[in-house]
Protein chains: 2
Amino acid sequence: MTFSTSKAARKLVDLAKTPFDLTEEGNLTPQRIEKYCATSCGYNLLYGTERVADEVMQSLKDLAVEAHVIDKMNAMQAGALINRIEGFPSENREVLHTATRDFFEHPNQSPAAIAATKLAKKEVDKLEKFIEKIDKEDLFTDLILIGIGGSELGPKANYLGMKYLQKPGRKIFFLGNVDPDDGAAILREVDLKKCLVLVISKSGTTLETLTNESFVKERFIKAGLDPQKHFVAITGEGSPMDDKTKYLESFYIWDWIGGRYSSTSMVGGVLLSFACGFDNYWEFLKGASGMDKVALNPDINQNISLLSALLGVWNRNFLHLPTLAVIPYSQALSRFPAHIQQLDMESNGKHIDKQGKEVDFDTGPIIWGEPGTSAQHSFYQLIHQGTSTIPLEFIGFKTSQYKDDITIQGTTSQEKLLANLFAQAIALATGQKSGNPNKEFKGNRPSHIVLGDQLTAYSLGVLLAFFEHKVAFQGFLWNINSFDQEGVQLGKVLANKIIDRFSSQKQHQEGKPYPLGDAFIKYVK
Amino acid sequence: MTFSTSKAARKLVDLAKTPFDLTEEGNLTPQRIEKYCATSCGYNLLYGTERVADEVMQSLKDLAVEAHVIDKMNAMQAGALINRIEGFPSENREVLHTATRDFFEHPNQSPAAIAATKLAKKEVDKLEKFIEKIDKEDLFTDLILIGIGGSELGPKANYLGMKYLQKPGRKIFFLGNVDPDDGAAILREVDLKKCLVLVISKSGTTLETLTNESFVKERFIKAGLDPQKHFVAITGEGSPMDDKTKYLESFYIWDWIGGRYSSTSMVGGVLLSFACGFDNYWEFLKGASGMDKVALNPDINQNISLLSALLGVWNRNFLHLPTLAVIPYSQALSRFPAHIQQLDMESNGKHIDKQGKEVDFDTGPIIWGEPGTSAQHSFYQLIHQGTSTIPLEFIGFKTSQYKDDITIQGTTSQEKLLANLFAQAIALATGQKSGNPNKEFKGNRPSHIVLGDQLTAYSLGVLLAFFEHKVAFQGFLWNINSFDQEGVQLGKVLANKIIDRFSSQKQHQEGKPYPLGDAFIKYVK
């Protein structure tokens with residue numbers, strides 16, 4: 001049985017012919033909004049504005065049962081070898097990012113998880129002491145994180161989410177792109193003498209990261225500073241970067257942590273602890289771990305990751321909507337959509353199932369988004385009146401972070417922010433009829449709202465794990481491997497060929513034309 | 001005749017049944033890449049990696065001729081009333097952002113354009129003097145731009161593009177979101193005593209902007225500072241914000257400048273001149289104006305805006321690809337995709353034509369993107385191996401901005417950056433066969449590259465206008481109005497109702513349930 005031939009899927013194909021009509025008078029009611037509401041770890045997921053009714057929800061639940069998604073989540077958290085394609089060479093690894101935070105209630109009891117958690121805890125303890133030491137010595141105010149992809153996007157998104165907790169006087173920079181202007185701009189602003197440099201690469205061989213490390217290191221040496229007193233490695237144990245003679249300290253990750261799932265590990269931890277304090281990093285871990293336990297609950301009313309995954313599958317596979325906009329109504333989450341974009345698209349942008357067979361249905365959608373209310377003044381025009389239907393995953397909070405607000409005409413800015421969020425969900429759902437075709441809104445634009453009390457270190461951890469598990473559940477439903485990324489290889493191989501060609505052109509001032517790149521290369525004098 | 005019934009469109013439907021196969025051995029050659037190359041204002045547009053052949057290109061040219069797009073571009077730049085829907089109440093305005101920079105060779109000779117250019121030039125001259133004065137007095141080091149949508153995204157994207165030219169010691173902040181945390185975070189970092197505040201709203205009534213203005217103003221007053229000595233208005237002449245008693249200076253815009261097309265006007269100009277100097281702003285205008293003239297050229301080999309528009313229509317309407325990824329291989333353009341996202345989606349996210357009739361074809365695509373090479377480590381997995389096909393518009397430059405680079409193993413970082421760009425275009429096009437299904441790449445992912453020499457103030461202006469005219473041409477091809485934004489109204493009206501409800505709940509501690517928002521509101525204690 002595959003995803004498309006399952007009994008529930010066939011039923012859903014049928015139900016998708018007449019999806020719930022949100023525009024019909026009396027269909028979207030306060031009762032409906034109250035009814036379609038699930039709760040996990042302090043968040044509500046309000047999905048009355050999705051195009052679902054009870055029968056659809058029942059079939060989605062059946063789909064989850066047929067695909068054994070809770071068993072698979074249990075297997076993942078217990079350290080089963082789920083990162084693999086059966087019958088073909090593949091990574092064959094455990095997927096144990098949950099072990100990087102399983103330090104609280106009800107830790108996983110499987111031997112693999114216990115072993116992984118022990119390794120992870122050792123690094124956390126080392127980090128706590130390291131931060132204590134450098135805080136005491138007061139040697140560092142600035143930090144450059146050198147890393148790309150999962151080593152940058154998650155840590156940056158989380159850092160911005162927690163920035164309101166930042167220690168005074170600290171400055172954080174992110175250097176990811178191999179574009180030399182990325183590094184050059186940072187080096188103009190940073191105080192090298194007081195700068196800690198984190199170099200993050202699991203393999204210790206990432207082109208961009210090693211290049212940027214050399215770039216920054218050269219500057220330290222020119223300034224008469226000893227890089228070994230400033231540079232910290234975050235890498236796989238035994239990788240080419242695992243070298244105590246070159247780094248002030250090394251923190252470890254392992255091949256059971258995928259880059260895009262690594263932000264609760266040392267990849268995100270060193271940065272967060274330096275910027276906001278170890279205690280806040282610990283709270284963040286507690287939130288993520290809380291959501292890990294929730295993800296094992298088969299009841300979708302208490303497992304919002306699974307619920308969101310199912311709603312996404314409904315929109316993607318049955319209503320055939322190819323994208324999803326993730327819109328936080330929270331400026332602190334301004335780069336969160338970029339992290340979720342990687343998390344989701346790198347995990348589920350796959351064309352074969354776990355047995356290596358080509359799928360006959362759509363997998364991961366295109367994820368994109370920007371914060372509201374700013375986005376309302378940008379691309380919402382198309383969402384309301386364009387010819388494409390775009391489902392939305394909204395995120396909002398009842399109170400602000402800084403609690404520094406202004407009341408104008410009887411409402412605070414936080415209330416205006418929330419009012420806009422709710423208004424959009426309603427407007428997109430109901431639409432509006434008009435005699436003027438330009439004021440006509442078709443409605444039936446599906447959305448749901450993930451609503452929390454306040455964005456804190458704890459609730460940010462919850463939110464992060466919410467998305468990690470949503471993505472995993474969709475992979476389980478589709479029976480694909482959400483944990484490898486073979487699709488990035490071909491471009492890498494070709495890029496290295498062109499780099500070699502550039503290099504040899506310089507050395508020989510000639511060379512045979514590279515069959516494909518040459519016509520491109522000739523534009524680069 | 002509509003877009004879908006035009007002769008060329010019918011031919012293109014036919015050609016789209018067998019689009020050019022980029023994966024076939026011998027099809028993608030250096031000769032092809034050289035042949036499919038157009039040039040405007042120092043940029044090449046390399047489109048050999050699109051799924052087009054000569055017949056398709058001929059039909060696309062025919063489509064442009066049938067839709068009279070060059071006449072329409074001429075009419076736009078001459079100040080015809082093109083922002084309208086015939087037979088229905090609509091904005092009925094000229095679209096003259098080109099007049100905000102028509103100060104160089106061959107200025108437009110139509111009376112409307114001459115009049116608009118004269119008004120715009122007066123503001124530019126006022127700005128030059130204003131900047132001279134404040135630079136001389138040396139009163140300001142920091143600047144907060146308060147504005148949202150078009151008043152923030154374009155100015156911010158352009159500022160980052162030119163930041164390498166920034167005067168030492170200047171700091172720039174952007175405050176757009178009504179989220180109080182946006183303002184609170186900025187107010188922690190800014191030096192109010194030395195801070196200039198730009199408040200930007202054409203109507204003078206934008207909720208977010210007025211709220212944030214009050215928020216920041218309150219802080220000035222608390223600090224014992226006179227806001228009138230720090231605040232500058234950029235607004236429509238005669239708007240509620242046009243009040244000399246409240247502002248140090250006022251700069252004007254007019255209803256013939258749409259928000260998303262306003263970044264060469266005072267909306268972007270004051271910021272750019274303060275941050276990078278008036279001369280660099282002037283160069284930026286010169287670049288944009290250069291591209292305006294190019295947009296009048298019917299030859300697509302010399303009019304890359306029109307060429308890009310046609311390639312986009314081919315992918316959107318005939319190959320039925322609903323999104324477009326805009327990927328600059330340039331960290332300085334990190335927020336450029338967000339600006340293009342607004343520009344394109346707000347302009348062309350429309351469901352009726354200029355006669356108010358529902359269209360029977362797809363209009364503007366979903367635009368999204370992040371800079372490369374970072375994006376390669378994020379969502380490229382899905383682009384290479386997902387089940388959705390995503391066309392890409394790449395942007396690249398031959399040399400860096402800072403010219404501060406490092407050579408490792410014979411190549412600079414800039415060369416590595418370009419090698420990756422070219423490699424991706426090739427890999428996406430050709431794909432790769434493999435006995436391991438996980439290493440199989442289907443190819444035929446279309447892309448093109450907009451390749452310039454270096455990102456400077458001038459070439460940034462060119463690039464901005466390139467996209468503005470691309471979007472306008474697509475609107476002309478589809479016969480839609482790319483210059484209004486009725487779709488943002490419904491959400492605004494509903495938000496105000498909920499805001500009133502919040503306000504009255506506080507005043508009366510009761511109130512009738514608002515029929516739709518109430519079930520949402522009850523979650524907000």
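Residues numbered from 1 in each chain as written. Chains lettered and ligands numbered in written order. Predicted model: local features only at pLDDT ≥ 70, side-chain atom pairs only at ≥ 80, totals over all residues.

## Regarding the overall build of chain A
Secondary structure assignment for chain A yields 17 helices and 13 strands. Expected size for 525 residues packed as a compact globule is a radius of gyration near 24 Å; at 24 Å, chain A falls within 12% of this value. Each principal axis of the C-alpha atoms in chain A carries an extent, and together these give about 75 × 60 × 55 Å. By residue count, 61% of the 525 residues in chain A fall in the buried class. The contacts in chain A between residues at least 6 apart in sequence include a share of 75% that link residues at least 24 apart. (Helix = DSSP H or I, 4+ residues; strand = E, 2+ residues; numbered from the N terminus. Rg over C-alpha atoms; globule rule 2.2 N^0.38 Å. Buried ≥ 20, exposed ≤ 12 C-beta atoms within 10 Å, placed from the backbone. Contact = placed C-beta atoms within 7 Å.)

## Things to note about the interface of chain A and chain B
In this complex, chain A contributes 125 residues to the contact, which on the side of chain B involves 125 residues. Counting residues per element, the side of chain A that touches chain B draws most heavily on helix H14 (residues 413-430) of chain A, at 13 residues. Classifying every residue of the side of chain A that touches chain B by side-chain character gives 55 nonpolar, 47 polar and 23 charged. (Nonpolar A, V, L, I, M, F, W, Y, C, P; charged D, E, K, R; others polar.)

## A closer look at the nonpolar core
With 321 residues, the main nonpolar core has Leu-198 of chain A together with Leu-198 of chain B as its most contacted residues. Every residue in contact with Leu-198 of chain B, bar those within four places of it in the chain, is listed here: Leu-143, Leu-145, Ile-146, Val-232, Ile-234, Val-270 and Leu-271 of chain B. (Core = buried A, V, L, I, M, F, W, Y, C linked by C-beta atoms within 7 Å.)

## With respect to the domain arrangement of chain A
Residue and element names in this part refer to chain A. The domains assigned to chain A are domain 1 (7-66 + 297-484), domain 2 (97-286) and domain 3 (487-521). Between the C-alpha centres of domain 1 and domain 2 the distance comes to 32 Å. Contact with domain 1, which involves 21 residues of that partner, is made by 23 residues of domain 2. Counting residues per element, the ones that place at least two in the side of domain 1 that touches domain 2 are helix H12 (336-348) and helix H15 (457-478). Ranked by residue count, the leading element in the side of domain 1 that touches domain 2 is H12, at seven residues. (Domains from an automatic or database assignment.)

## Remarks on the packing of helix H6 (residues 153-162) of chain B against helix H15 (residues 457-478) of chain B
Angle between the axes and distance between the axes are the two parameters that describe a pair of packed helices. All names here are of chain B. Across the interface, H6 lies against H15 with an axial gap of 10 Å and an inter-helix angle of 150°. Crossing of H6 against H15: the hand is right-handed. Contacts between H6 and H15 involve Asn-158, Gly-161 and Met-162 from the former and Ala-457, Leu-460 and Leu-464 from the latter. Considering only residue class, the contact of H6 with H15 consists of four nonpolar, two polar and no charged. (Axes fitted to C-alpha atoms, helices over the stretch in contact; angles between N-to-C directions. Left-handed = near helix turned anticlockwise from the far one by under 90°.)

## Description of helix H4 (residues 69-78) of chain A
Along H4 of chain A, the residues classified as buried are Val-69, Met-73, Met-76 and Gln-77 of chain A. Projected down its long axis, H4 of chain A shows its buried positions confined to an angular sector of 90°, all on one face. (Arc of directions from axis to C-beta.)

## Remarks on the sheet that holds strand E7 (residues 249-253) of chain A
All names here are of chain A. Judged by pairing direction, the sheet is parallel, and its five strands sit side by side in the order E4-E3-E5-E6-E7 without closing on themselves. Two strands bound the open sheet, and with one partner strand each, they are strand E4 (171-175) and E7. Averaged over all neighbouring strand pairs, the angle between strand axes comes to 20°, with direction disregarded. Pairing geometry for strand E6 (residues 231-236) and E7, over five bridges, is parallel. Among the inter-strand pairings, Val-232 is bridged to a residue of E7, identified as Glu-249. Packed on one face of the sheet, helix H9 (residues 266-276) meets strand E3 (142-146), E4, strand E5 (195-201), E6 and E7 and runs near 135° to E7. (Pairing = 2+ DSSP bridges.)

## Side note on the sheet that holds strand E4 (residues 171-175) of chain B
All names here are of chain B. In spatial order, the strands read E4-E3-E5-E6-E7; together these five strands make up an open sheet with parallel pairing. The open sheet has two edge strands with one neighbour each: E4 and strand E7 (249-253). Pairwise comparison of adjacent strand axes, ignoring direction, gives a mean angle of 20° for this sheet.

## Some thoughts on the relation of the copies chain A and chain B
Overlaying chain A on chain B yields an RMSD of 0.0 Å, the required transformation being a rotation through 180° with an accompanying axial translation of 0.0 Å. As the rotation angle and translation indicate, the two copies are arranged about a two-fold axis. Using C-alpha coordinates, one finds that chain A approaches the rotation axis most closely at Trp-368 of chain A, a distance of 3.2 Å. Both copies contact each other with a shared surface, as 100% of the interface residues of chain A are interface residues in chain B too. (Least-squares fit on C-alpha atoms with pLDDT ≥ 70 in both.)

## Brief notes about the confidence of the model for chain A
Mean pLDDT over chain A stands at 95; residues scoring 70 or higher make up 96%. For this predicted complex, the interface confidence comes out at an ipTM of 0.97, alongside a pTM of 0.97. (pLDDT = per-residue confidence, 0-100.)

## Section: unusual backbone geometry
Note the cis peptide between Gly-372 of chain A and Thr-373 of chain A, where omega equals 5°. Locating Thr-373 of chain A in the fold gives a position in the loop between strand E9 (366-368) and helix H13 (380-385). Notably, His-106 of chain B is not glycine yet its phi reads approximately 50°, a positive angle. By the secondary structure assignment, His-106 of chain B is in the loop between helix H4 (69-78) and helix H5 (111-137).

## A few points about the environment of Lys-126 of chain B
Along the chain, the position of Lys-126 of chain B falls in helix H5. In this structure, the C-alpha to C-alpha distance between Lys-126 of chain B and Arg-10 of chain B, residues 116 residues apart in sequence, is 52 Å.

## Some thoughts on the pairing of strand E2 (residues 43-46) of chain A
All names here are of chain A. Looking at chain direction, strand E1 (residues 37-40) and E2 are connected through four bridges and run antiparallel. By the bridge assignment for E2, Ala-38 is matched with Leu-45. Following E1, the chain reverses through two residues before pairing antiparallel with E2; Cys-41 in that reversal takes a positive phi of roughly 45°. Two elements, E2 and strand E13 (residues 447-452), share three bridges in a ladder whose sense is antiparallel. Bridged to Leu-45 within E13 is Val-450.

## Looking at the pairing of E6 of chain A
Residue and element names in this part refer to chain A. With five of six residues buried, E6 lies mostly within the body of the structure. Pairing analysis gives five bridges linking E5 to E6, with the strands arranged parallel. Among the inter-strand pairings, Val-199 is bridged to a residue of E6, identified as Ala-233. After leaving E5, the chain enters helix H8 (residues 207-222) and then returns to the sheet as E6, a path that is right-handed. (Right-handed = clockwise from strand over helix to strand, strands pointing away.)

## Re the environment of Phe-394 of chain A
Residue and element names in this part refer to chain A. By the element assignment, Phe-394 lies in strand E10 (residues 392-397). Phe-394 sits in the buried class, given 23 other C-beta atoms within 10 Å. Taking the C-alpha atoms as reference points, Phe-394 and Ile-327, 67 residues apart in sequence, are found 4.8 Å from one another. In contact with Phe-394, other than residues within four places in its own chain, are Ile-327, Tyr-329, Leu-421, Ala-425, Ser-447, His-448, Ile-449 and Val-450.

## Quick word on the packing of H4 of chain B against H15 of chain B
Residues and elements named next belong to chain B. Put simply, H4 and H15 touch, their axes get as near as 9 Å, and they point 120° apart. Taken together, the axes of H4 and H15 lie oblique to each other. By crossing handedness, the relation of H4 to H15 is classed as right-handed. Contacts between H4 and H15 involve Val-69, Lys-72, Met-73 and Met-76 from the former and Ala-472, Phe-473, Phe-476 and Leu-477 from the latter. Tallied by class, the residues present in the contact of H4 with H15 amount to seven nonpolar, no polar and one charged. (Parallel < 35°, antiparallel > 145°, perpendicular 65-115°, else oblique.)

## Re the environment of Tyr-329 of chain B
Tracing the sequence through the fold places Tyr-329 of chain B in the loop between strand E8 (323-328) and helix H12 (336-348). Taking the number of C-beta atoms within 10 Å as the measure of exposure, Tyr-329 of chain B has 27 and is therefore buried. Considering only alpha carbons, one finds Tyr-329 of chain B and Gln-414 of chain B, 85 residues apart in sequence, at a separation of 9.8 Å. Not counting residues up to four positions away in its chain, the partners in contact with Tyr-329 of chain B are Asp-179 of chain A together with Pro-371, Gly-372, Thr-373, Phe-394, Ile-395, Gly-396, Leu-417 and Leu-421 of chain B.

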